[in-house]
Amino acid sequence: MVPRRRNTSKPPPAQCPLDECMRLLAGSWTVQIIWYLRGGTRRFGELRFDMPRISAKTLSARLARLARDGIVRREVKPTSPPTVDYTLTSLGTRLLPAIEAIVDVGHEIKALKAASARSDKASSPRQNPPASKGRDKPLAAAIPARSAHA
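This report concerns the structure included in the present document.

Quick notes on the rules
- Residues numbered from 1 in each chain as written.
- Predicted model: local features only at pLDDT ≥ 70, side-chain atom pairs only at ≥ 80, totals over all residues.
- Heavy atoms only, no water.
- Axes fitted to C-alpha atoms, helices over the stretch in contact; angles between N-to-C directions.
- Helix = DSSP H or I, 4+ residues; strand = E, 2+ residues; numbered from the N terminus.
- Parallel < 35°, antiparallel > 145°, perpendicular 65-115°, else oblique.
- Left-handed = near helix turned anticlockwise from the far one by under 90°.
- Contact = heavy atoms within 4.5 Å.
- Nonpolar A, V, L, I, M, F, W, Y, C, P; charged D, E, K, R; others polar.
- Expected span 1.5 Å × (residues − 1).
- Salt bridge = Lys/Arg side-chain N within 4 Å of Asp/Glu carboxyl O.
- Buried < 20%, exposed > 50% of the residue type's maximum accessible area, 1.4 Å probe, protein only.
- Core = buried A, V, L, I, M, F, W, Y, C linked by side-chain atoms within 4.5 Å.

## Section: the packing of helix H2 (residues 30-37) against helix H5 (residues 90-123)
One way to put it is that H2 packs onto H5 with a least axis distance of 10 Å and a crossing angle of 110°. As judged from the angle between their axes, H2 and H5 are roughly perpendicular. Both H2 and H5 take part in a crossing whose hand is left-handed. In this structure, H2 contributes Val31, Ile34 and Trp35 to the contact, and H5 contributes Gly92, Leu95, Leu96, Ile99, Glu100 and Val103. When its residues are assigned to classes, the contact of H2 with H5 shows seven nonpolar, one polar and one charged.

Following this line, the structure appears as structure tokens:
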């Protein structure tokens, strides 16, 4: 039997800050909302335009949670009709380097996958195409020749 190696990592604190941070970023669209708010203040409709595949219900729920968690500041303007601006808080801004680092790693992963796919394609032997059942023969070859007796 192979002996089990000792874990040399320190155990996480009782309430792990990594878990807390990942909880903040969890859920579809959360990171994308933060990404689009990094450029500055946006309104609900502008965020919908930035992310056309997100539903209004989901965007509203994510923005409310991000505001509750202190990542986004929600400011209602006294206009008619009322407008609401969303801005990253200082805590939300502090998440940006981590998100940008994840994006950089994502680009590297995509490049590695593309290189691996090219390598696999180049190293695989070329195979003859499968034999056809007459469907891709030229029309003249598909029609039997008439015999001289007919």
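## Quick look at helix H4 (residues 56-68)
With 13 residues, H4 should reach 18 Å at 1.5 Å per residue; the first-to-last C-alpha distance of 18 Å fits that figure. Looking at the packing, one finds that the buried side of H4 touches helix H1 (17-25), H2, helix H3 (44-50), strand E2 (72-77) and strand E3 (83-88). With its phi angle positive at about 80°, Gly70 sits one or two positions after the end of H4.

## So, the pattern of salt bridges
Once the charged atoms of two side chains with opposite charge are near each other, the side chains can pair. Using the criterion set out here, one finds eight salt bridges in the structure. With a shortest N-O distance of 3.4 Å, Arg38 and Glu100 are connected by a salt bridge. Of the two residues, Arg38 sits in the loop between H2 and strand E1 (42-43) while Glu100 sits in helix H5, which places them 62 residues apart along the sequence. On the basis of relative accessible area, Arg38 is assigned to the partly exposed category, the value being 39%. Here Glu100 falls in the partly exposed class, since its relative accessible area comes to 31%. Among the charged side chains, a salt-bridge network with shared partners connects Glu20, Arg23, Arg65 and Asp69.

## So, the nonpolar core
Ranked by internal contacts, the top residues of the largest apolar core, which has 19 residues, are Ile33, Ile34, Leu37, Leu59, Ile71, Val72 and Leu88. Counting only elements with at least two residues in this core, the list comes to H1, H2, H4, E3 and H5. Setting aside anything within four residues of it in sequence, one finds Val72 in contact with Leu37, Leu66, Ala67, Tyr86, Thr87, Leu88 and Thr89.

What is shown is where atoms sit, not what they do.
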